[in-house]
Amino acid sequence: MQNNIKAMVMAAGMGSRLEPITLMMPKPLIPVMNKPIMDIILSQLKSFGITDVISNTYYLSEQIIDRYQDNDLGINFNYIVEKELSGTAGGVKKCQFFFDEGEDFVIMSGDVLTNANILKGIEAHRKSGAVATIGIKQIPHENVSHFGVVVTDNNGFITEFQEKPSIEEAKSNFINTGIYIFNYKIFDYIPENTFYDFAKNVFPKLLAEREINTFEVDEYWNDIGTIDQYKQSVKDVFNGQCLVSGIEAEIFGNKSYICGNSELNDTLSISGISVIGNNCKFGSNVKLEDCIVFDNSEIHDGAELTDCIIIPDSKLVRKSSEKRDVILV
């Protein structure tokens, strides 16, 4: 296997469906169990022997650059800053200089939480001889209308894409995970300085030439694109469905939680599952149930918070029970 295979983590998107969280940080830095999603992705790439990584950045790019240009993850991190968004394929085209002619490389989305075996995908890609290989995931048939559906032949090559088909029209219950292995030839299909998208512009051409292979992702996968998907990902880690290295939860009876360096006082009540970040402050008689508390949040006396995400905003006193998705404190 090629020893110096490189990867790209796409990190330019604005993540509007995750507001107000993404008003303060870009999607790849949203924490899962107090680790930014991109930390988890880069650590996984490192575990597969992939250490040369590039990202296209745009929205709040300085936060991503500051975190990873000098990192302790064992990753040689490179980046470009896009002046304007150029589509999924257009962003990859701008990183062409980073990749080696004739070689294969990996593309990951910066907002996907997964335990996918990337080496399995690379092996399938090389055996197929295809220009592109896509990781596909089997999901319950009743959920297909939320995803891009992939139809394959008996050899695993894609014969058709269906974009969010109805349950009745879906020809498959396999979906596109956004995990790609490409050969350098992919750049022949993407023009320079043009807004270009893989799904709309590149894959139809490859499909016509029978150049898109697949590998099945048997492991955990979730696209953290909405608040509900984000909360579900955290639950999945607690439940052991998704494995994140270096995470240890404290479990006491009916409660499970992890905590950064924040001090928890004796009057703090935790039930269900909760994540508490760093440098958080709690008043007396605070109750948390199934909550995610971001770094530097300050929750005042008597707050009762249920099934929500708490992010720092201002020192507002909140004494009433809150059940909204995201709460500024």
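Use the structure listed above.
Rules and cut-offs
- Residues numbered from 1 in each chain as written.
- Predicted model: local features only at pLDDT ≥ 70, side-chain atom pairs only at ≥ 80, totals over all residues.
- Heavy atoms only, no water.
- Phe/Tyr/Trp six-rings, centres within 6.5 Å; stacked < 30°, edge-to-face > 60°.
- Buried < 20%, exposed > 50% of the residue type's maximum accessible area, 1.4 Å probe, protein only.
- Lys NZ or Arg CZ within 6 Å of the ring centre and 35° of its normal.
- Helix = DSSP H or I, 4+ residues; strand = E, 2+ residues; numbered from the N terminus.
- Pairing = 2+ DSSP bridges.

**Student:** Explanation requested: the packing of aromatic side chains in the structure shown.
**Tutor:** The tally for this structure, following the rule as stated, stands at 16 aromatic pairs. When the centroid spacing of 5.5 Å and the interplanar angle of 20° are considered together, the rings of Phe198 and Phe203 count as stacked. Since its relative accessible area comes to 1%, Phe198 is described here as buried. In this structure Phe203 comes out as buried when scored by relative accessible area, which is 1%. Three or more aromatic residues joined by ring pairs form one cluster here, namely Phe98, Phe99, Phe105, Phe161, Tyr180, Phe182, Tyr184, Phe187, Phe198 and Phe203. Residue placement shows Lys6 over the ring face of Phe98; its charged tip is 4.7 Å from the ring centre. Arg210 extends its terminal NZ or CZ atom over the ring of Phe157, reaching a point 4.3 Å from the ring centre.

**Student:** Whenever I open this one, the pairing of strand β12 (residues 212-216) confuses me. Can you help?
**Tutor:** Side-chain direction in a regular strand flips from residue to residue, so the side chains alternate between the two faces of the sheet. Taken across its five residues, β12 has four buried, putting it largely inside the fold. Where strand β8 (residues 132-138) meets β12, five bridges bridge the pair, whose relative direction is parallel. Bridging from a neighbouring strand, Ala132 pairs with Ile212 of β12.

**Student:** What is the right way to look at the environment of Glu19 in this model?
**Tutor:** Counting through the fold element by element, Glu19 comes out in the loop between β1 (6-11) and β2 (31-32). The spatial distance from the C-alpha of Glu19 to the C-alpha of Val326 is 8.8 Å, given a sequence separation of 307 residues.

**Student:** Quick question: what am I supposed to make of unusual backbone geometry here?
**Tutor:** Comment: phi is negative for the bulk of residues other than glycine, and the bulk of peptide bonds are trans. Cis geometry is adopted by the peptide bond preceding Pro20, which originates at Glu19 and carries an omega value of 5°. Position of Pro20 among the secondary structure elements: in the loop between β1 and β2. Look at Asn193: it is not a glycine, yet its phi comes out positive at around 50°. Structurally, Asn193 is set in the loop between β11 (174-183) and α5 (198-208). By relative accessible area, Asn193 is classed as exposed at 75%. The residue Arg210 is not glycine, and still its phi comes out positive at about 55°.

Such coordinate-based values are descriptive only and should not be taken to indicate function.
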